[in-house]
Amino acid sequence: MTGLEIVGAAQFSVTCLAGFDDGKSDAISFFLQRSSQMSMLFFLCDHGKDCLHFCNWLLLNNVGPKSPKHCILETHQELVSKLGLGCMGLSGCYNDPLPEEEGIAVIKEAFNCGITFFDTADIYGENYANEYLLGKAMKQLPREKIQLATKFGVCPIDLSRVEVRGTPEYVRSCCESSLKRLDVDYIDLFYIHRIDTTVPIEITMGELKKLVEEGKIKYIGLSEASPDTIRRAHAVHPISALQIEYSLWTRDIEEEILPLCRELGIGIVPYSPIGRGLFAGKAVKESIAPGSFLEIHPRFTGENLEKNKQIYYRIEALAQKHGCTPAQLSLAWVLHQGDDVVPIPGTTKIKNLHDNVGALKVKLTKQDLQEIRDAVPINEVAGERTNEVLAVTNWSVF
C-alpha cells in the first residue's frame, strides 16, 4: 500500500494501492469531491515514484483542476502547472519591451488560463525591468498559488563578452536584490543561470543551501549545467529543476542529461521549446523585429535560415494532419516527453498565449512522436543553437 498525500487549500489525504488499478476509482472519486476546494498549488509527500505517477495520471487525464494540467517536479514535492510562462520577452530581447500594463495583462491572463509557474531572471530587461514587472503583476495575483522562478549569475552582457559569477557573496546579494525587486518574502525556485567555472560548484551551492535554510528560497535550480556539475551540485543539496534548451531542433540533452536528471529526480524546464519561434513561423511567415536577438542568431541568418525554413514546412504539414498550428505541434511534442518536463514558452501576445495553452489538448501517440521527430533530423538543422558570445556558457563546453 502506498500513501498519496496532496495538500491544498483544504488539507486531506487519500491512500491507494501502488498498482493503481485497485485503488484508482476511489481515489478519483475522492479527488473530484475535493478538487473545488483545492488551490492550484499542491505538494506530494515523498512516498515514492508510484505515487508520483499515479498523481500525474489523475492530473494529466483531466481529473481535478482545469487546463493547463499540472505536473510534479519529481522528488522535490512541488507541483507546478504543466506549462509555464517564460517572461523574458515581455521586457525585450526578441522585440521591443511591452508597456508595463500590457506585460502585466499577459501575466494575469496566463494565470487565468491556469498557468502558475512564472520564470524570470535578474538579467532580463533593461535595469532589471523583467523582475520589476513580474513583481508588480504578482501584487494582482494570489501569491500562494504561484510558483515564482528567477535566476542569477550572468552579469550584464554586451556583444563581445559575457561574465558569469558564482561566489557566495554574489549569490547572496543577487537573492536579496531579486527579493526586493519582485517584492516577495521568498522565491520558489532560484536558479544558477550559468555556471561559473572559476568557483567550485560546491561553494556556490553551499550559499544557496543557506538561503534555503533561511527561508529566502524554497528550491534550487540549475541552468545549462553539465552532467558532472549536476551530480556535484545535487550532492550538496537536492536540485529541483534543470532549465535547459530543449525542442524539436535542440535535442542534445537526451543522451546523458535527461537520463541523469531522471535518475536523481530532477525536473526538466525546457526554454525555447518552440525553437526560438521558428516553429511559430518566426522569420518564415513573419519577419524578425528590428534589433531582435534573432538577427544575430546562427539559425536565423543567411543560408542557415533558408535551410531551416524547410524544417518549418515539414512541421507545418504535420500540424495540418493533427488539426493544430505548427507551434502547438512542436510544443505538444515537448510536453509529451515526460511528466517531469515543464516547458516555459514566452510570448508578448494574448492570442499566442492561448495557442500555447491549446497545445495541451494535442494528443500524440508514440508513432506520432516518432514521425514528428523524424521530420527534424538533427544533422539537417543549420547553425549552432546560440551565438559565439553565449556559446561559451553552454553546458556542452564544460
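Residues numbered from 1 in each chain as written. Predicted model: local features only at pLDDT ≥ 70, side-chain atom pairs only at ≥ 80, totals over all residues. Heavy atoms only, no water.

## Structural notes on the environment of Gly346
Secondary-structure assignment places Gly346 in the loop between helix H10 (326-335) and helix H11 (350-358). Overall, Gly346 belongs to the partly exposed group, its relative accessible area being 46%. Sequence separation of Gly346 and Leu90 is 256 residues, and the distance between their C-alpha atoms is 8.1 Å. Residues within four places of Gly346 in sequence aside, it is in contact with Leu85, Gly86 and Asn356. (Helix = DSSP H or I, 4+ residues; strand = E, 2+ residues; numbered from the N terminus. Buried < 20%, exposed > 50% of the residue type's maximum accessible area, 1.4 Å probe, protein only. Contact = heavy atoms within 4.5 Å.)

## Quick word on the nonpolar core
Residues Ile107, Phe118, Leu208, Ile230 and Leu242 are the most contacted members of the largest nonpolar core, which totals 93 residues. Dropping the residues within four chain positions of it, Leu208 is found in contact with Phe152, Val171, Phe190, Ile192, Ile217 and Ile220. Formed by 11 residues, the second largest nonpolar core is a distinct cluster that contains Val80, Tyr191, Tyr219 and Ile344. (Core = buried A, V, L, I, M, F, W, Y, C linked by side-chain atoms within 4.5 Å.)

## What about the confidence of the model for the protein chain?
The pLDDT averaged across the protein chain works out to 82; a share of 76% of its residues lies at or above 70. Low pLDDT (under 50) marks residues 1-66, which in the prediction has 118 contacts with non-local residues, meaning those over four places away or in another chain. (pLDDT = per-residue confidence, 0-100.)

## Section: H10
Structural remark: α-helix, 3.6 residues per turn; residues separated by three or four positions point the same way. For H10, the buried fraction is high: 10 of the 10 residues fall into the buried class. Buried-residue contacts for H10 involve strand E12 (267-271), helix H9 (302-322), H11 and helix H12 (366-374).

## Quick notes on the sheet that holds E12
Across the sheet, seven strands lie side by side as E6-E7-E8-E9-E10-E11-E12; this open sheet has parallel pairing. In the strand order of this sheet, the two ends are held by strand E6 (85-86) and E12, each with one partner. Relative to strand E9 (residues 187-192), strand E8 (residues 147-152) is paired through four bridges, and the arrangement is parallel. Directly across from Phe152, in E9, lies its bridge partner Ile192. (Pairing = 2+ DSSP bridges.)

## What about the side chain of Arg276?
Relative to the elements of secondary structure, Arg276 occurs in the loop between E12 and H9. A polar side-chain atom of Arg276 sits 3.3 Å from a polar atom in the side chain of His297. In contact with Arg276, other than residues within four places in its own chain, are Tyr94, Glu245, Tyr271, Lys282, Phe293, Leu294, His297, Phe300 and Arg385. (Polar contact = N/O pair within 3.5 Å; in protein donor to acceptor, adjacent residues only side chain to side chain.)

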